[in-house]
Amino acid sequence: NAGVTQTPKFQVLKTGQSMTLQCAQDMNHEYMSWYRQDPGMGLRLIHYSVGAGITDQGEVPNGYNVSRSTTEDFPLRLLSAAPSQTSVYFCASSGNSPLHFGNGTRLTVT
Amino acid sequence: SQELEQSPQSLIVQEGKNLTINCTSSKTLYGLYWYKQKYGEGLIFLMMLQKGGEEKSHEKITAKLDEKKQQSSLHITASQPSHAGIYLCGADSGGSNYKLTFGKGTLLTVNP
């Protein structure tokens with residue numbers, strides 16, 4: 001039972017490049033969320049989904065897109081990376097249970 | 001929006017000592033979650049509190065939610081190096097455990 005799997009673990013991008021952070025869960029959880037963690041700022045919610053085909057914005061959604069075509073997958077897309085998006089990104093899922101987190105993707109934008 | 005303030009921001013203790021971390025909310029807490037994070041890893045769920053006055057324990061860690069449901073404390077008894085890490089409290093806005101608001105975390109160092 002893998003839980004929540006995030007790929008890649010590390011990524012370096014140049015300003016303006018695009019990329020997708022992958023997130024998959026194998027627990028059949030209904031809810032999935034993306035957070036970013038920055039020093040001194042704690043964890044902040046980017047986007048979340050309450051089921052396949054349903055997504056909504058969190059506290060800091062600008063510059064990010066999401067989609068939820070299946071229950072298992074919830075990718076996060078950066079269309080045009082900016083240095084302000086340098087962060088550690090965590091994907092999480094939950095059902096009738098507390099949030100279960102992946103191990104994160106450390107993204108650096110130069 | 002709900003804000004969570006954690007104190008202290010960092011804590012260094014000698015192995016064997018007891019310690020307490022606090023989490024204060026700007027609004028009434030419907031659900032309060034404690035997580036632990038080791039550097040470079042994801043968050044590990046510790047405990048969840050929902051009822052005013054509730055107290056839960058797991059091994060040497062005890063968490064409490066005060067009667068007014070605006071503050072929680074995490075107490076570690078006889079700390080060990082394995083307790084070192086970042087402790088974060090998270091709160092839901094009423095039945096939404098998938099969109100938690102988090103405090104900024106408390107960095108715990110336990111010296112052997």
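What this report covers is the structure whose coordinates are included nearby. Please read these numbers as outputs of a predicted model, since none were measured by experiment. (Residues numbered from 1 in each chain as written. Chains lettered and ligands numbered in written order. Predicted model: local features only at pLDDT ≥ 70, side-chain atom pairs only at ≥ 80, totals over all residues. Heavy atoms only, no water.)

### Things to note about the nonpolar core
The test is simple: Side-chain atoms within 4.5 Å are what join buried Ala, Val, Leu, Ile, Met, Phe, Trp, Tyr and Cys residues into a set we call a nonpolar core. A simple rule labels every residue: compare its accessible area, found with a 1.4 Å probe on the protein chains alone, to the largest value its type can have, and call it buried under 20%, exposed over 50%, or partly exposed in between. Secondary structure elements follow DSSP: runs of H or I of four or more residues count as helices, runs of E of two or more count as strands, with numbering from the N terminus.
Residues B:L19, B:L32, B:W34, B:L74 and B:L108 are the most contacted members of the largest nonpolar core, which totals 21 residues. When residues of this core are traced back to their parent elements, those giving at least two are β2 (10-14), β3 (19-25), β4 (31-37), β5 (43-49), β7 (61-65), β8 (71-76), β9 (85-92) and β11 (106-111) of chain B. Within the second largest apolar cluster, 19 residues are counted, among which are A:M19, A:V60, A:F74 and A:C91.

### Considerations on the packing of aromatic side chains
The condition that has to hold: Stacked, tilted and edge-to-face are the three classes applied to pairs of Phe, Tyr and Trp rings, where Trp contributes its six-membered ring and a pair requires centres within 6.5 Å; stacked means planes under 30 degrees apart, edge-to-face means over 60, and tilted covers the rest.
If you walk through the whole model with that rule in mind, you get 10 aromatic pairs over all chains. Plain terms: the ring middles of A:Y35 and A:F101 are 5.9 Å apart, the flat faces sit at 50° to each other, and that makes the pair tilted. One end of the pair, A:Y35, is in strand β4 (residues 31-38); the other, A:F101, is in strand β10 (residues 100-101), with 66 residues separating them in the sequence. With relative accessibility at 0%, the residue A:Y35 sits in the buried group. These aromatic residues form a ring-pair network of at least three members: A:Y35, A:F90, A:F101, B:Y35, B:F45 and B:F102.

### Quick notes on the interface of chain B and chain A
Test applied: In this description, contact between two residues means that some pair of their heavy atoms is separated by no more than 4.5 Å. Buried area, as used here, totals the accessible surface that two parts lose on assembly, with accessibility defined by a 1.4 Å probe and the loss added over both. Polar contact is the term for a pair of N or O atoms within 3.5 Å; when the atoms are in protein, one must be able to donate a hydrogen and the other to accept it, and sequence-neighboring residues count only if both atoms are side-chain atoms. All residues other than Ala, Val, Leu, Ile, Met, Phe, Trp, Tyr, Cys, Pro, Asp, Glu, Lys and Arg, Gly among them, are scored as polar; the first ten of these are nonpolar and the last four charged.
Each side of the interface is counted separately: chain B has 17 residues, and chain A has 21 residues. Carbon and sulfur atoms supply 58% of the area that chain B and chain A bury against each other, a total of about 1500 Å² over both sides. Where chain B packs against chain A, one counts nine residue pairs in polar contact (both at pLDDT 80 or more). Looking at the side of chain B that touches chain A, the elements that each hand over two or more residues are β4 and β5 of chain B. Considering every element that reaches the side of chain B that touches chain A, the biggest residue donor is β4(B), with three residues. Classifying every residue of the side of chain B that touches chain A by side-chain character gives nine nonpolar, five polar and three charged.

### With respect to the pattern of salt bridges
All names here are of chain A. Rule in force here: A pair is scored as a salt bridge if a Lys or Arg side-chain nitrogen falls within 4 Å of a carboxyl oxygen belonging to Asp or Glu.
This structure, assessed with the given rule, holds four salt bridges over all chains. For the salt bridge of R36 with D38, the shortest nitrogen-to-oxygen distance reads 2.8 Å. Residue R44 pairs with D38 through a salt bridge whose shortest N-O separation is 2.9 Å. You'll find R44 and D38 in the same group, each marked buried. One salt-bridge network, in which partners are shared between bridges, spans R36, D38 and R44.

### Some points on the pairing of β4(A)
All names here are of chain A. How we decide: Note on pairing: DSSP must find at least two bridges between two strands before they are called paired.
With eight of eight residues buried, β4 is to be regarded as a mostly interior element. Here seven bridges tie β4 to strand β9 (residues 87-94), and the two strands are oriented antiparallel to one another. Bridged to Y31 within β9 is S94. In this sheet, strand β5 (residues 42-51) lies alongside β4 in antiparallel orientation, the contact comprising seven bridges.

### Focus on the layout of surface pockets
How we decide: Here a cavity means grid points, on a 1 Å grid over the protein atoms only, where a 1.4 Å probe fits yet cannot get out; a pocket means an open set of points with protein on both sides within 12 Å along at least five of seven lines; lining residues are those with an atom within 4 Å of a point. Grid points are joined across faces, edges and corners, and a volume is the space filled by probe spheres set on the points.
Its boundaries defined by the atoms lining it, the largest pocket holds a volume of some 1300 Å³. Around the largest pocket, the lining is made up of 48 residues, and of these A:M41, A:G42, A:L43, A:R44 and B:K104 lie nearest the centre. In this structure, the second largest pocket spans a volume of roughly 180 Å³. Around the second largest pocket, the lining residues are B:K36, B:F45, B:L46, B:H58, B:E59, B:K60, B:I61, B:Q80, B:S82, B:H83 and B:Y87. Class assignment for the residues of the lining of the second largest pocket results in four nonpolar, four polar and three charged.

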